[in-house]
Amino acid sequence: MAALARDFFMGTRLSSTEEREQALLAPYAMHSAQSAGREHPEPDHPYRGPFQRDRDRITHSAAYRRLSCKTQVFTGELGDYHRTRLTHTLEVASVARTIGRALALNEDLIEALALVHDLGHPPFGHAGEDLLDECLRDEGGFSHNAQALRIVRELETRYHDFPGLNLTREVLEGQATRIAHDTGQQRPLLETQVVEAADSITYDTHDADDALEFGLLALDELLTIDLWAEAAQRVRQRGAALEGGELRRAVLHELIDWQVSDLLDRASQRLAEGRFDSAQAVRQAELIIVASEDLAARKKDLEGFLRSRVYQHPSVLMHRREAQAALRAMFEAFVAQSELLPESFRRRSSVVGIRRSVGDYLAGMTDRFAWREYKRLFGNGVPGLETPKADI
Ligand code: MG
């Protein structure tokens, strides 16, 4: 590799990814040098490690860019404050990297896993997912976790030499464990466990925040839930007499900090006790990155509350019904008239069948594109759906 100016930073030559990881990562972290490689073998890159390349491939993919116009929980019709799939994904990556750095894990791998974890979400959040699952019941169903794998292995078309993004086996396997959590013999890598935990920390916190912003919940109601009550108590103990928006923001910070600290306390203890000398050794042990029982119980309470009060809120349900009616109508129209599909999905239907190919096309859409496509197909609407979205 040609010498770069930064190679001489601090008077020493910059070491290779492998040497750097050897110096900085714990023995139980997943080291690049131990990667099982890619499905389609490729030469090493002169200065980027394998997981760094995975992360870069994901951030340059079309599926990743589309996350910015996909619903997390709330659609754009309620306002612009809320999280989208993209901002959720970035929050997960941020929390996961904090945990990973504190435990000396492989941050490149963590980031790649975080950025890929929600890539398979269809438009309209869980409403879209449930509807596609129903439409594809005889074809093995639809799940966003499995769809993410289909995207990175088959559907992305950025490279001449292979289909998909040709990610490392570690990233593919990490995503696959989201489909079948307990595959029996082996636990996921610590980096995968971290991303799973960060996802839960993130959505528990931000779904409540978004619901408050949209007025679907009141702060006083949330403060009756154990997790929020305790976090508010911690804020007050530090002497901060806050109310309203200030209290809400302080509680949100506290919630993330508390959950991350709780994970780190337990994980550090278990890692010290286990004396694991490799990433493989950790895979034979019980899960290590898990919340304490006390915190897990409080999180479960909050999730139950969010399910009944937010995810089932009449305005969320109304958007759900509209979105599902539109997706169902499009699904049936494309299956009946495959000439309406783009050329690449028509070709794909001869390999995977028309229903799966239509499912892949619909799942790749952003919310906005789905409404536009709906309007192109149906103009003034179909029975059961009052009006197509205007001016989208
Ligand atoms: Mg997620």
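Since the model is a prediction, treat every value here as computed from it, not as a measurement.

Draft legend 1. Examining the coordination of the magnesium ion more closely. Coordination of the magnesium ion by the protein involves H88 (NE2), H117 (NE2), D118 (OD) and D199 (OD), with metal-donor separations of 2.2 to 2.5 Å. Sequence positions of the residues that donate to the magnesium ion give the spacing H-x28-H-D-x80-D. By relative accessible area, which is 0% here, H117 ends up buried. Exposure remark for D118: the relative accessible area of 3% places this residue in the buried category.

Draft legend 2. Fine view of the environment of Y47. Checked against the element boundaries, Y47 lands in the loop between helix 1 (17-24) and helix 2 (50-59). Taking the C-alpha atoms as reference points, Y47 and T17, separated by 30 residues in sequence, lie 7.3 Å from one another.

Draft legend 3. Molecular detail of the nonpolar core. Ranked by size, the top nonpolar core spans 52 residues in total, and within it I58, I99, L119 and I289 carry the most contacts. The element that contributes the greatest number of residues to this core is helix 5 (residues 107-116), accounting for seven residues. In contact with I289, not counting residues within four places along its chain, are L103, L190, Q193, V194, A197, L263 and A267. Counting residues in hydrophobic clusters, the runner-up holds 29 residues, among them L216, V235, L252 and L295.

Draft legend 4. Up close: the packing of helix 11 (residues 226-237) against helix 12 (residues 244-274). The contact between helix 11 and helix 12 brings their axes to 9 Å, and the two run at 105°. As far as their axial angle goes, helix 12 and helix 11 are roughly perpendicular. For the pair formed by helix 11 and helix 12, the contact residues are L227, W228, E230, A231, A232, R234, V235 and R236 on the first element and L247, A250, V251, L252, E254, L255 and W258 on the second. Tallied by class, residues from the contact of helix 11 with helix 12 come to eleven nonpolar, no polar and four charged.

Cut-offs and rules
Residues numbered from 1 in each chain as written. Predicted model: local features only at pLDDT ≥ 70, side-chain atom pairs only at ≥ 80, totals over all residues. Heavy atoms only, no water. Donors = N, O, S within 2.8 Å, 3.2 Å for Na, K, Ca; no water. Buried < 20%, exposed > 50% of the residue type's maximum accessible area, 1.4 Å probe, protein only. Helix = DSSP H or I, 4+ residues; strand = E, 2+ residues; numbered from the N terminus. Core = buried A, V, L, I, M, F, W, Y, C linked by side-chain atoms within 4.5 Å. Contact = heavy atoms within 4.5 Å. Axes fitted to C-alpha atoms, helices over the stretch in contact; angles between N-to-C directions. Parallel < 35°, antiparallel > 145°, perpendicular 65-115°, else oblique. Nonpolar A, V, L, I, M, F, W, Y, C, P; charged D, E, K, R; others polar.

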